[in-house]
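Here's the letter readout for the chains.
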Amino acid sequence: MSTTDPDIAIIDTSSLGDRSYLISHDGVAVVIDPQRDIDRIYALAQEKNAAITHVLETHIHNDYVTGGLELARATGAEYVVPDGDPVEYERRAVVDGDVIATNSMTFQVMHTPGHTHHHVSYVLRKDSEPIAIFTGGSMLYGSTGRTDLLGSTHTDELTHAQFHSVRRIAAELPADVDVYPTHGFGSFCSATPTSGDSSTIGEQRQSNPALTQGEQAYVDELIAGLSAYPAYYAHMGVINTEGPAPIDLSLPEPIDPEELRRRTAAGEWVVDLRARTAFAAGHLGGSLGFELSTSFVTYLGWLYQWGAPLTLIGETSDDIADATRELARIGVDHPSGSAVGEIHTLVGDGELRSYEVSDFAGLAGATGEREVAILDTRQHSEYTDGHIHGAVNIPLHELPHRLAEVPAGELWVHCASGYRASIAASILDRADRTVVLIDDDYDNAVETDSL
């Protein structure tokens, strides 16, 4: 029998705030909660010189399209999914106490409802002793998975279940067992923000609200703190229950400037991936600015009209490829076109628009000189915690449907860091408003006494 511990490799998807895992030992690998772009999993398994024999899901995911089904089909691995969900594909349905065994590793199923009704965690054992637990959306680092994704009628029941699930994990496993959640690294599937990049059962006993609070206090606090989550979540559970199609990362068809202008004139979704300041300095009238950064796919998926034609503008073909991959992770497949190049060339005979970029010091100066309107695009809870005097709060995800409520006049737009504000500024610019993007950290609003 091997004396070495299994190797646990983390596959980060920082744009969605999630982690997948590849656990390998003696040439065999088990994958937990893989994202849809499984080429990353293949590459890692080859690097570990391990054959994938099992693919395990902790739950039917609501924040991304799973790669589990395709990975299992491509490798011949056994596909393991919690029992209870009416999936439309062949899988091994597991319940509490079941064991998934390879030649050298065993994973015991623990039913941990809360994030969903049928959610499970997997306890990795070596020589019958637990060494790690993969908790999906149950026990997170200093938090737990949110409990409202299946609808408000289930929230109270699931929140109580989440409390007991986390308590069970902590009661049944030793303090030195490592905890590996899927969510909690920026994912909206986390009920509250998490902390840290690693943890153990013992550390969670000291910091996790489900373990430091009484049941009703935990339930009340979690439910009171639940904020809005991306609209695209409504589609993820459906896709993952039906069984996702294989991913297609081929580049969208190139289009010329004339066709690009036709699409913007028709009011189609034409998304410019360049840096927010570059977009502000010059962009095709009618296009929208979604800087290709960590938050790109979350906010585009949140605002996007599901199924609408989507054209991408980028400085390089690599930008288009990266955006295509990000979009495929949430089921936005086959963008309807792309345009690559310098913006003045792409605009051609079209309208080149621009708007000013400033900071909170600039806002303080402007308000001292003239009357300006301030739009705060953060979520309601952020606004309640503190805001600039006189600012109107319309969260970014509500803005397209509340344009009539935006104050008249010169409009200064901010959020917490500038990213959400940059998207809002592009939406308002398309509506022919005079906007100034505040591309600044909100902490600087305090330093300039703007509160």
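Scroll up a little and you will see the structure.
Position numbers for residues start from 1 in each chain and track the written sequence from start to end. Per-residue local features are limited, in this predicted model, to residues with pLDDT of at least 70; the limit for side-chain atom pairs, both in listing and counting, is 80 or more; totals at the level of whole chains, interfaces and linings are taken over all residues. Water and hydrogen atoms were dropped before computing side-chain values, which therefore reflect all heavy atoms in the structure.

S.K.: I'd love a proper account of the nonpolar core, names of residues and values included.
M.R.: Ranked by internal contacts, the top residues of the largest apolar core, which has 50 residues, are W269, V271, F290 and F296. With 7 residues, the single largest contributor to this core is helix α15 (residues 419–430). Core analysis: the next-biggest nonpolar cluster, separate from the first, contains 21 residues, L22, V31, L44 and V87 among them. By nonpolar core is meant a set of buried Ala, Val, Leu, Ile, Met, Phe, Trp, Tyr and Cys residues that side-chain atoms within 4.5 Å join together. Each residue's exposure class comes from its accessible area (1.4 Å probe, protein chains only) as a fraction of the maximum for that residue type: buried when under 20%, exposed when over 50%, partly exposed otherwise. Note on conventions: DSSP H or I runs of at least 4 residues are helices, E runs of at least 2 residues are strands, and numbering of each starts at the N terminus.

S.K.: An account of the pattern of salt bridges is needed here, citing residue identities and associated values.
M.R.: A carboxyl oxygen of Asp or Glu within 4 Å of a side-chain nitrogen of Lys or Arg is what we treat as a salt bridge. Inspection of the entire model under this criterion finds 29 salt bridges. Its salt-bridge partner being R19, residue D197 comes within 3.6 Å of it at the nearest N-O pair. Placement of the pair is D197 in the loop between β13 (178–181) and α4 (201–207) and R19 in strand β2 (residues 18–25), with a sequence separation of 178 residues. Note that E398 and R402 form a salt bridge whose closest N and O atoms lie 2.5 Å from each other. Through salt bridges with shared partners, one network takes in D37, D39, R40, R325, E326 and R329.

S.K.: Outline the side chain of S138, supporting the account with residue identities and numerical values.
M.R.: Relative to the helices and strands, S138 is located in the loop between β10 (129–136) and β11 (139–140). As used in this structure description, the phrase polar contact means that two N or O atoms lie within 3.5 Å; if the pair is within protein, one of them must be able to donate a hydrogen and the other to accept it, and residues adjacent in sequence are counted only when both atoms belong to side chains. A polar atom in the side chain of S138 sits 3.4 Å from the side chain of Q162. The criterion used for residue contact is that any of the two residues' heavy atoms lie within 4.5 Å. Look past the residues within four positions of S138 in its chain and what remains in contact with it is T112, H119, S121, S143, T144, G145, Q162, S165, V166 and I169.

S.K.: So what's going on with empty space enclosed by the protein? Residues and values would help.
M.R.: If a probe the size of a water molecule is rolled over the atoms, the empty space left behind becomes visible. Cavity means a closed set of points on a 1 Å grid over the protein atoms alone, one where a 1.4 Å probe fits but cannot get out, pocket means an open set with protein on both sides within 12 Å along at least 5 of 7 lines, and lining means a residue has an atom within 4 Å of a point. Grid points are joined across faces, edges and corners, and a volume is the space filled by probe spheres set on the points. Per the stated rule, a full pass over the model turns up 1 cavity of 30 Å³ or more. The volume enclosed by the largest cavity comes to roughly 50 Å³. Lining the largest cavity, in full, are Y299, W302, L303, T377, Q379, P395, L396, H397 and R420. Note on residue categories: nonpolar means Ala, Val, Leu, Ile, Met, Phe, Trp, Tyr, Cys or Pro, charged means Asp, Glu, Lys or Arg, and polar means any other residue, Gly included. Here the lining of the largest cavity is composed, by residue class, of 5 nonpolar, 3 polar and 1 charged.

S.K.: Explain the layout of surface pockets to me, and be specific about the residues and the numbers.
M.R.: One number sums up the size of the largest pocket: a volume of about 670 Å³. Lining of the largest pocket is provided by 26 residues; of these, G186, S187, F188, P193 and Y299 occupy positions nearest its centre. Among the secondary structure elements, those contributing two or more residues to the lining of the largest pocket are α10 (296–303) and α14 (380–385). Put simply, the second largest pocket is a space of about 360 Å³. What lines the second largest pocket is a set of 16 residues, and nearest its centre among them are W269, L303, Q305, P400 and H401. Taken together, the elements giving at least two residues each to the lining of the second largest pocket come down to α10 and α15. Residues that form the lining of the second largest pocket fall into these classes: 11 nonpolar, 4 polar and 1 charged.

S.K.: With reference to specific residues and values, describe the sheet that holds strand β14 (residues 269–272).
M.R.: Pairing between strands is defined by DSSP: at least two bridges between the two strands are required. Taken together, the 4 strands give an open sheet; going across it, the order is β16-β14-β17-β18, and neighbouring strands pair in parallel fashion. Pairing within the sheet leaves two strands with one partner each, and these edge strands are β16 (288–289) and β18 (337–340). Where β14 and strand β17 (residues 310–314) come together, 4 bridges link them in parallel fashion. Bridging across to β17, V271 finds its partner in L312.

S.K.: Let's hear about the pairing of strand β4 (residues 51–56): which residues, and what values?
M.R.: One ladder, built from 5 bridges, connects strand β3 (residues 28–32) with β4; its direction is parallel. Residue V31 lies in a different strand from β4, and its bridge partner there is V55. If you view a crossover with the strands going away from you and the path from the first strand over the helix to the second runs clockwise, you call it right-handed. The parallel pair β3 and β4, bridged by helix α1 (residues 39–47), forms a crossover whose chirality is right-handed. Alignment of β4 against strand β5 (residues 78–82), held across 3 bridges, turns out to be parallel. Note that in β5 the partner of L56 across the bridge is V80. With helix α2 (residues 68–75) bridging β4 and its parallel neighbour β5, the resulting β-α-β unit is right-handed.

S.K.: Residue-level account of the packing of helix α3 (residues 152–172) against helix α6 (residues 215–225), with values.
M.R.: To define axes, lines are fitted to C-alpha atoms, for helices over the stretch in contact only, and angles between the resulting N-to-C directions are given on a 0 to 180 degree scale. Viewed as axis vectors pointing N to C, α3 and α6 meet at an angle of 125°, and their least axial separation amounts to 10 Å. By the angle class used here, α3 and α6 are oblique. For α3 against α6, the interelement crossing comes out right-handed. Across the interface between the two elements, T155, D156, T159, H160, Q162, F163 and H164 of α3 pack against E215, Q216, Y218, V219, L222 and I223 of α6. Classifying every residue of the contact of α3 with α6 by side-chain character gives 5 nonpolar, 6 polar and 2 charged. These descriptions rest on fixed angle ranges, namely under 35 degrees for roughly parallel, over 145 for roughly antiparallel, 65 to 115 for roughly perpendicular, and the rest for oblique. Definitions for this section: a left-handed crossing has its near helix turned counterclockwise from the far helix by less than a right angle. A right-handed crossing has that turn clockwise.

S.K.: Lay out unusual backbone geometry with the relevant residues and their values.
M.R.: We note that D26 has phi near 50°; this positive angle belongs to a residue other than glycine. Of note, the phi angle at N49 is positive, near 55°, even though the residue is not glycine. With respect to the secondary-structure elements, N49 resides in the loop between α1 and β4.

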